[in-house]
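# Fold and geometry: a report
So you can see what is in the structure, the chains are spelled out below.
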Amino acid sequence: GGWDPAKALPCKTTASAFPVWTSEIVKVLAGTKVEFKIVIGPEASVAGKRWEGGDNRIVTPQTAADGQVLAVTCEWEVQ
């Protein structure tokens, strides 16, 4: 999303999965540094959205076989 909440990757949950939220799969090349933060708020508007505090989260997958999926899990404001 380029740090623009309006372009953020949306996460979804269901009554049976809550409090776990998931997003679509994001394709990243091995060795690519990915920085992100969690932002919460109303989906329909940028107003009222809130970024988590602290440093950016960083994930750098080191190796990946074709089609391999790396699951990244995190909790709000838990680094």
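Look above for the structure.
Quick look at the structure, then. (Residues numbered from 1 in each chain as written. Predicted model: local features only at pLDDT ≥ 70, side-chain atom pairs only at ≥ 80, totals over all residues. Heavy atoms only, no water.)

The next point concerns the overall build of the protein chain. Assigned secondary structure in the protein chain consists of zero helices and six strands. For the protein chain, the spread of C-alpha atoms along the three principal axes comes to 40 × 30 × 25 Å. Within the protein chain, buried positions represent 6% of all 79 residues. Taking the intrachain contacts of the protein chain between residues at least 6 apart in sequence as the baseline, contacts between residues at least 24 apart amount to 43%. Surface exposure of the protein chain reaches about 6500 Å², of which carbon and sulfur atoms provide 56%. Across the protein chain, the mean location of the 8 positive side-chain charges is 3 Å away from that of the 9 negative side-chain charges. (Helix = DSSP H or I, 4+ residues; strand = E, 2+ residues; numbered from the N terminus. Buried < 20%, exposed > 50% of the residue type's maximum accessible area, 1.4 Å probe, protein only. Contact = heavy atoms within 4.5 Å. Areas by Shrake-Rupley, 256 points an atom, 1.4 Å probe, with all protein chains shown as cover. Lys, Arg positive; Asp, Glu negative; His and termini not counted. Charge placed at Lys NZ, Arg CZ, Asp CG, Glu CD.)

Our focus in this paragraph is the environment of Pro 19. Examined against the element boundaries, Pro 19 turns out to sit in the loop between strand E1 (11-12) and strand E2 (22-23). Residues Pro 19 and Lys 49 lie 30 residues apart in sequence; the distance between their C-alpha atoms is 19 Å.

This part is about the environment of Pro 10. Mapped onto the elements of the fold, Pro 10 is located in the segment before E1. Residue Pro 10 is classed as partly exposed on the basis of its relative accessible area, which comes to 46%. Setting aside residues up to four positions removed in sequence, Pro 10 forms contacts with Thr 22 and Ser 23.

Next up on the list: the pattern of salt bridges. Two side chains bearing opposite charge may form a pair once their charged atoms approach each other closely. Evaluation of the coordinates by the stated rule reveals two salt bridges. Between Lys 33 and Glu 35 there is a salt bridge, and its shortest N-O distance comes to 3.5 Å. A relative accessible area of 52% means that Lys 33 is categorised as exposed. Notably, a salt bridge pairs Arg 57 with Glu 52, separated by 2.8 Å at the nearest N-O pair. In this pair, the class of Arg 57 matches that of Glu 52, namely buried. (Salt bridge = Lys/Arg side-chain N within 4 Å of Asp/Glu carboxyl O.)

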